[in-house]
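Topology and contacts: notes
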Amino acid sequence: MDNPVTPRAAGRGPRRRDRHGRGMRGPIAPPQVPLAASRAEVFADLVQDSVERLERRWPQLADIDFLVLEVPRLDGPGQAWNDEAVPLGGTVPARDGHRARVVVYRRPVEIRTKGRDERAALVHEVVVEQVADLLGLTPETVDPRYGED
């Protein structure tokens, strides 16, 4: 059986231009610049910066996992939506060989802030509050600058 379509020439690489003669589309910015980072990556960096700031004062934070989730989940039975405010963070105490966890919810924090500086301040407040809850301390004890603008 004859094949009416001739195969591509061997050794020819991928197409370099689209059918309109414009080149291949690619990323707008190289991966090294901040524009290339996603909102989730930038938010995770804010949380990490806050944790590193606190670890200088509280070395035991190295034994705590810090997580970023998009939104709070309703896992347990009997939990339902109510009229209370949406939480910005939460804690999971250590048990059964698992490390303690501090969770920061990205979307509720992003919705409540307008710019990067305001977001960084709110993320730090949430991290401080959750660490204080986990350690059984007041937020002012965890970070003496807590609540200052």
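Structural data are supplied above this passage.
About the cut-offs
Residues numbered from 1 in each chain as written. Predicted model: local features only at pLDDT ≥ 70, side-chain atom pairs only at ≥ 80, totals over all residues. Heavy atoms only, no water. Helix = DSSP H or I, 4+ residues; strand = E, 2+ residues; numbered from the N terminus. Buried < 20%, exposed > 50% of the residue type's maximum accessible area, 1.4 Å probe, protein only. Contact = heavy atoms within 4.5 Å. Areas by Shrake-Rupley, 256 points an atom, 1.4 Å probe, with all protein chains shown as cover. Expected span 1.5 Å × (residues − 1). Arc of directions from axis to C-beta. Pairing = 2+ DSSP bridges. Axes fitted to C-alpha atoms, helices over the stretch in contact; angles between N-to-C directions.

Turning next to the overall build of the chain. Along the chain, the regular secondary structure elements total 4 helices and 3 strands. Ordered by position from the N terminus, the helices and strands of the chain form the series α-β-β-β-α-α-α. With 149 residues in all, the chain has 24% of them scored as buried. In the chain, once contacts between residues fewer than 6 apart in sequence are set aside, the share between residues at least 24 apart is 60%. Total accessible area computed for the chain in this model is approximately 11400 Å², and 51% of it derives from carbon and sulfur atoms.

With that out of the way, let us pick up helix α3 (residues 116-135). Residues lying three or four places apart along an α-helix face the same way, a consequence of the helix completing one turn every 3.6 residues. Helix length check: α3, at 20 residues, gives a terminal C-alpha distance of 28 Å against a target of 28 Å (1.5 Å per residue), a fit within 8%. For α3, the full list of buried residues reads L122, V123, H124, V126, V127, V128, Q130, V131 and A132. Contacts from the buried residues of α3 go to α1 (39-55), β1 (64-69), β2 (89-92), β3 (100-105), α2 (106-111) and α4 (139-142). Of the residues one or two after α3, G136 is the one with positive phi, at around 75 degrees.

Looking now at α1. For α1, built from 17 residues, the straight-helix expectation of 24 Å at 1.5 Å per residue is met to within 8% by its first-to-last C-alpha distance of 24 Å. For α1, the set of buried residues is F43, L46, V47, S50, V51 and L54. End-on, the buried residues of α1 take up no more than an arc of 130 degrees, which puts them together on one face. Buried residues along α1 sit in contact with β1, β3, α2, α3 and α4.

Taken together, 3 strands build an open sheet; the order of strands is β1-β3-β2 and the sheet is mixed. Each of the sheet's edge strands pairs with one partner strand only, and the pair in question is β1 and β2. Between one strand and the next, the sheet's axes are offset by a mean angle of 20 degrees, whatever the strand orientation. Across 4 bridges, the pairing between β2 and β3 is antiparallel. By the bridge assignment, G89 is partnered in β3 with V104. Those strands touched by α1 are β1 and β3, and its axis lies near 155 degrees from that of β1.

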